Each structure stands twice: as C-alpha cells, then as structure tokens.
Amino acid sequence: MNQKVLKVLEFNKITDMLIAHAGSEPGRDMAAKLQPSSDIDRIKKDQHETADALSRLLKGDRVSFSGNRPLGASLKALEIGATLSASELLKIADFLDNVSKVRAYGARKEEDEKADTLTGYFEDLVCFDTTAANIHRCIISEDEIADDASPALKSIRREISLSGERIHKQLNSIIGGSLRTYLQDAVITQRDGRYCIPVKSEYRSQIPGMIHDQSATGSTVFIEPQAVVELNNKIKQLMLDEQKEIELILSELSASVGVDRDAIATDQKLMTGLDFIFAKGRLALEQNATEPVFNDTHVINIRKGRHPLLDKDKVVPIDIRLGDDFDLLVITGPNTGGKTVSLKTVGLLTLMGQAGLHIPAGDRSVLSVFKKVYADIGDEQSIEQSLSTFSSHMKNIVAILKNADSDSLCLFDELGAGTDPIEGAALATAILDHLHKKEIRTIATTHYSELKVYALTTEGVENGSQEFDVATLSPTYRLLIGVPGKSNAFAISKRLGLRDDIIEEAKAYITEDKESFEDLISDLEDSRRSIEKEREEIADYKARIKSHQDALERKRDKIDEGREEILRKARLEAAEILKEAKEVADETIRTFNRVGPETTIRELEKARDNVRNKQKDNASHLSITKDERNEKPIKPQDLKLGMDVKIRSLGLKGTVNSLPDDKGDLFIQCGIMRTKSNISDLTIIKDEPLTGKKTKGGKPDKNSSNLGKIKAGKSISVTSEINLLGKTVDEALYELDKYLDDAYLAHMPSVRIVHGKGTGALRSAVQNKLKKTKYIESFRQGEFGEGDAGVTIAKFKE
C-alpha cells in the first residue's frame, strides 16, 4: 500500500489510537508498524482474531501484558554465555510471571465454550514458574541480593556483621575512654569502607592508627585506630568474597535462564502478538466497531458507517455501496455537507479492514480487498514547486491514472476544480469515463452539473448526494444513493446574509436548461423524501402489527398452559377424592361387618356421620352447591353475551364470550383466560340481593354493607406487594390495574411494585400508569434495602 494514501486518509491517527491500547512496549512497536494487507486469507484471519479478542473482552475479563518488556539484548547475551545483571534477571522473572497469568487467562472458559482462534496462542505459551520463583527468591531488588540466595552468601554476611560489631565495640571503648578529649565528635564513621573516628587535628599523634581523610577546614582528621585495622581488613576481604558470591549467584541464575532462552524468546513473540490482538479488540470496543465481511469481487456495502476520527456520538452514519450494479459513484451536494467526510470514510474503513481492524459500521458491512488505494483529497498547493491547486491535483491524478488497475480503489475530491468550469467539467468527465471503462472502482465528489448528467446517462455509473434541509438551510450529512444533489449555493448564501436582490440577479444569469435541470433535481428530492416518509410509516405499522401478534401468541400460549394446569389439578383432586371415598367405604363395611353384641348403635351412627361429613367436604371442595345440583338445565336462549356463569367441572367463574353453537359449545372468558365449554356444564350466577343497612324507606343502603364486605374481603386477600417480573408490558399493566383497585378498596396505605431493572421499559410503563391513576397520591423509586431501581413504592390517597 502506497504511503501517501495512508497519510492523506490519516491512517497514522488510527495506529496512534491502537498504540494507546497496547499494554507493552513490544506491543506498541508492533501497532506502530501496522500496514494494510492485500492477502484476503491473512485479512480474514486477522479479523477473526480481533473478533475473538473483542468477544473475550465483552465477557468482562481483562488481561494485562505489562510484564512483556524488550528482552532481545538479554537473550542475545545469554546466547554467548554472558552473565545478566540483577535488573535484567528481574525483568525476565516479571515477564515469566506475566506469561503464567496470560496462559491462565486463556485457559478459563465455560464448559460448553468452544476454542477460538486465540486458544492456540495461549496453549503455545510455556510457563517457567520455577525459574521465575528462584529469581525472585534470590533477588530482592535491582540493588539487593537476598541473604538466602546461597548458604555461602549468608555465612559471609553473618561474618561481616559480627566483625562490624567487634569494631563498634572496640571503637566505643576508645570514644568512651580517656581519649574522648582528643575527639572532635563522639561518633563512629566510615571512610573508603573502613571504620574511623574523627580526631582533632592537633591530637592526631595521640591516637595511633591510619589517617584516611580530613575535613575541608583541616581541623578534623579521620583515623582508623590501630586496634581495629585487622578487623577492618577482615571486613574488606569479606566484602570482596560477598561480591564474588553474588557474581556466582547471578551467573547460575543466568545459566538457568539461558537453557530456556529459545522458549522464552518464543513466549515473547506470542505475548507481543496477543498484546497487539487485544489492542485491536480494545480499539473495536472503544469505537463500537464490528467485523466486516470481506470479498475479492470489489463490492463495497458499508451500513451505518462512521468516520473513526469523529465523535461517535455526534457523527451522522452513512450507508454507501459500490461495485454491485455500478462501479463509479458521483457524489454532489453543498459545501460543508459532508461529501469529503463520506469519501474519507470509505477509504479509511477500507484501509482499517485490510489491516485486520474492525470498522465503526453496522453489522455485516461488506468490504473488498484492493491491492492499491489512491486518493486525491485536499489542497496540495506548493509554492516551492510552483504548483497551483489545479496543477497539484492534476499531478496526483496523472500518477493515479498511470498506476491504477481493476484491483484499485480511486477516490477524488472536487475532481476538475481549480480551473475554468467548462474545461474542468470536461476533464473530470473524461477522467471518470476512462476509469469506468477500465472497471476501476471509483468515487468522486463534484459540483459540476455535467457530471450529474454523465452519471444519469451512463450505465454502471450512479449519482449520490449529501442531503440538505432547505427548511432549515442546513445539511443533514446523510448520504443518498441514486439521487443527484444540488449545491444550494443560493440558499446557503442567503442564510449567511447575502442580500436578496443580489441572489435574484444571480439566478437570472443561469441558463434555462440548467435551471430546468436543477428544478428536476429538486422535484426528485421532494419525491424521494415523500416516499421515504411513507416507507418509514409502513415499517412502523408492520412493527406494531408484529408486536400485537407476538403479544396475542404469548397470551394464547399462557391460556393453553393455564388450561392444562387446571385440568391436571382437577384430575389429581378427583383421584384423591375417589381414594378417600374408597377408604371411607371400606371402613364403613368393616364397621358393619363387626356388628354383634359388642357393637352399639352409637358406633354405627358415628360411622354414618363420618360418611356424611366426607360427602359434604368433597361437595364443598368441588364448589358445587345444592342449588347447582338441583338447578334445571340451561337453554341456549337463556344465555346472553357478558352474562356471569360458573363452569362446574372446573370451579371457575367467568362471563359468556360467545353464544352456543348447534352442539351447545361456547367460549367463556375467565379473567385473562378464554376457555371453551358446553352449556350443560354451566350454571348461571344470579345477582345476590343487597343486604345490610337500609334506608329510611326500607331499601338496602348501596353504600354500606356490600361495600364493607368487598373491602373486608379485599383486605384479607390482597397483599402489600405485586411481582411483575417476567411479564410483557401489556400483561403487567393489566395485572397492575386490577391489583391497584383491590389494594385501594382494602384501605392499604401503600404498595410495593416489583418490576425489575432490565431495560427500564417496564419501570417507565408502571410509573406512567401510576401518574394517570387518580387515587395514587405519590410514588417513588425503591431505596437501598427496598430493591433500588427494580422497585416502585406507591402511596394511596386517604
């Protein structure tokens, strides 16, 4: 890939972003050298690796490569048998620790999780935990070797410590004795690694020993007393022995690392590669990027593509395609409308994709592999080379036409600009036609109407435009394929304050043909907007219908499940009743069989009472009253829609939802369940007379006894909490509405509504319902310990 296009399309800024996500210096070096590839197999491999790294990151797991430091020089030194320093060995130990952690990270996966493209890298890492532990045991820091690094070192340091103690003891006796008056200070110091005492210069002859130093003024000399010379010599020798032992320890550690230097070098390559791959994954996560689908047929179809260097929360995504039914796209539109951004987006996303990076675009966006990408974008005017804007552009274009072939992607910004408009338009048309005949994929931006006409009249060439909102006189930055755009120079000039009379005069200079063409473009744009609005409305209607269908399907499934559950319970209860009846009958038979002199009439009466009680219990359990058993069969004409009835076999109450057919079958609505029954299994529920307080006229008081009974019943059955988890919004609101009525009638001061956190849709629906409910005084979100955002507390009016 030529380096000029990487600079023009700002690919270096993408690599800078990638470098920031690498966790190690070798990883950053690898990211800095990233280049697009033209090998489709390698591109697909790199893309899959990036996708797998992104997948692991999305699971919440994080991996660090901070211990991966450059080890090339150290490993090269080991190859020739050199001894490494303590700091070099510590770096290797930290690297080996990092390798173990990374390998453990790669080994973690769920039971049914399949291996991905990164699994092999993790498995190829070789751990040297023993070597790393041995280095850390021996080396405390870059400047300190542990006493336990070897028995000899420990013994030497113990001897040094003992000798030092003897010297201090000897010198303390001198300091505290009769010679104290000869000393400048009663302290013990060191000079050149030997213990000394500070003596006044005039008394130097009074203390026998070796003078090692004197103060700057000459008033103090530092003397090593003769009594400790031998001990100091011993310490000096011990220190030399200590240094030799440390060198021996470092040599042995270096040798142990050197044995595995090739494997460690391989580990570093793997760690650097993994760091680079996960940097690509983190960049994709930051950009909300996706894996593009690559082909080698030069077809591009970018969906909701965003320029990666613009704010992802502000940039307007574009849909752009090329190479399917046209190989040349001419983009027109106003200045500052986004033409150049669209051009750069296609070029930069192509380079990113071919470099193995995910692209900030919609899922399943399509890119193609191009061996060469050319771009003539921006003003490259050069005073030193005596090149005008037009000349500099033309110099680039000449080079592009010379080198481009069918495996190239060419991008031109304002093709033919910077010279006479008539000649510029003619040149631009000829250049594009030349590229089109060679089937070279090309995108060009322009203001020339001649190029719009060329795109309209040439097969395999398509118009595109940057949408402009005439109402607000501002661009929308949306790219439209198939519609030529207007430059809207008059509208923009008016918005910027140009006088109306000048604009009107300018319009008079436009030829009738060009004005008609611009009007045609305006009509096409109006038609497109109208069709697009209708298409959006149709899509919205379809989505609503689909939502209603899904809700109905869920309700039907729930009803079916409820019906099966009711029947199952009924069968179980019937079997239990039969079992109990058999046991009572057997016991009764045994009682009667025992009738004799010893059996009293009282015992027989007791047995009969047991049978009668069982019969009453079973009848009550099945909710079949005496009136129901003695009731006359219902006739079809007795039933009306909405009438309250009871299904005797199920013990359920409901309302008539449909009139009986010829067989007597009809549908009964029992709450949210709609069930099919037969007229022979129904009992009409008669209205119960009002009882309780009566008015002065002797009529029942409608506001007293019955309401009290309702409230009393509700207060017994209604709880202070309703759980709406797992329900759709429609189902939840249906249950909430009924529950609030019951709770209010039961005089509850407040209720707890559990809706969960989730996406927040159910919470919003519940709170909107509470706002519209007249007898709700206030509501609030649950506090800590009450369920937080997953709960709403509602308070009723008194």
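Cut-off values and rules
Residues numbered from 1 in each chain as written. Predicted model: local features only at pLDDT ≥ 70, side-chain atom pairs only at ≥ 80, totals over all residues. Heavy atoms only, no water. Helix = DSSP H or I, 4+ residues; strand = E, 2+ residues; numbered from the N terminus. Expected span 1.5 Å × (residues − 1). Buried < 20%, exposed > 50% of the residue type's maximum accessible area, 1.4 Å probe, protein only. Arc of directions from axis to C-beta. Contact = heavy atoms within 4.5 Å. Phe/Tyr/Trp six-rings, centres within 6.5 Å; stacked < 30°, edge-to-face > 60°. Lys NZ or Arg CZ within 6 Å of the ring centre and 35° of its normal. Axes fitted to C-alpha atoms, helices over the stretch in contact; angles between N-to-C directions. Parallel < 35°, antiparallel > 145°, perpendicular 65-115°, else oblique. Left-handed = near helix turned anticlockwise from the far one by under 90°.

A look at helix H13 (residues 389-403)
Right, on to step 1. For H13, with 15 residues, the first-to-last C-alpha span of 22 Å sits near the 21 Å given by 1.5 Å per residue.
Right, on to step 2. Within H13, the full set of buried residues consists of Ser392, His393, Asn396, Ile397 and Ile400. Burial along H13 is one-sided: seen end-on, the buried residues are contained in an arc of 135°. Set apart from the buried face of H13 by more than 90 degrees, the exposed residues are Lys395 and Lys402.
Right, on to step 3. Buried residues along H13 sit against helix H1 (3-8), strand E12 (372-376), strand E13 (408-412) and helix H14 (421-437).

A short note on the packing of aromatic side chains
Right, on to step 1. Applying the stated criterion to the full structure yields seven aromatic pairs.
Right, on to step 2. For the pair tyrosine 744 and tyrosine 775, a centre-to-centre distance of 4.5 Å together with 15° between the ring planes defines the contact as stacked. Residue tyrosine 744 is found in helix H22 (residues 729-745), and its partner tyrosine 775 is found in the loop between helix H23 (761-772) and strand E24 (776-781); the two are separated by 31 residues along the sequence.
Right, on to step 3. Classification of tyrosine 775 as buried rests on a relative accessible area of 18%.
Right, on to step 4. Members of the aromatic cluster, joined through ring pairs, are Phe65, Tyr105, Phe122 and Phe278.
Right, on to step 5. Lying across the ring of phenylalanine 222, arginine 191 places its NZ or CZ 3.9 Å from the centre.

Observations concerning the environment of alanine 93
Right, on to step 1. Structurally, alanine 93 is set in helix H6 (residues 86-107).
Right, on to step 2. According to the relative accessible area criterion, alanine 93 is buried, its value standing at 0%.
Right, on to step 3. Those residues in contact with alanine 93 that lie beyond four places of it in its chain are Ala132, Ile135 and His136.

Brief notes about the packing of helix H3 (residues 25-32) against helix H11 (residues 261-287)
Right, on to step 1. At a closest axis distance of 8 Å, the pairing of H3 and H11 adopts a crossing angle of 60°. By the angle between their axes, H3 is oblique relative to H11. For the pair H3 and H11, the crossing hand works out as right-handed. Along its contact with H3, which presents Pro26, Gly27, Met30 and Ala31, the element H11 presents Gln268, Thr272, Gly273, Asp275 and Phe276.

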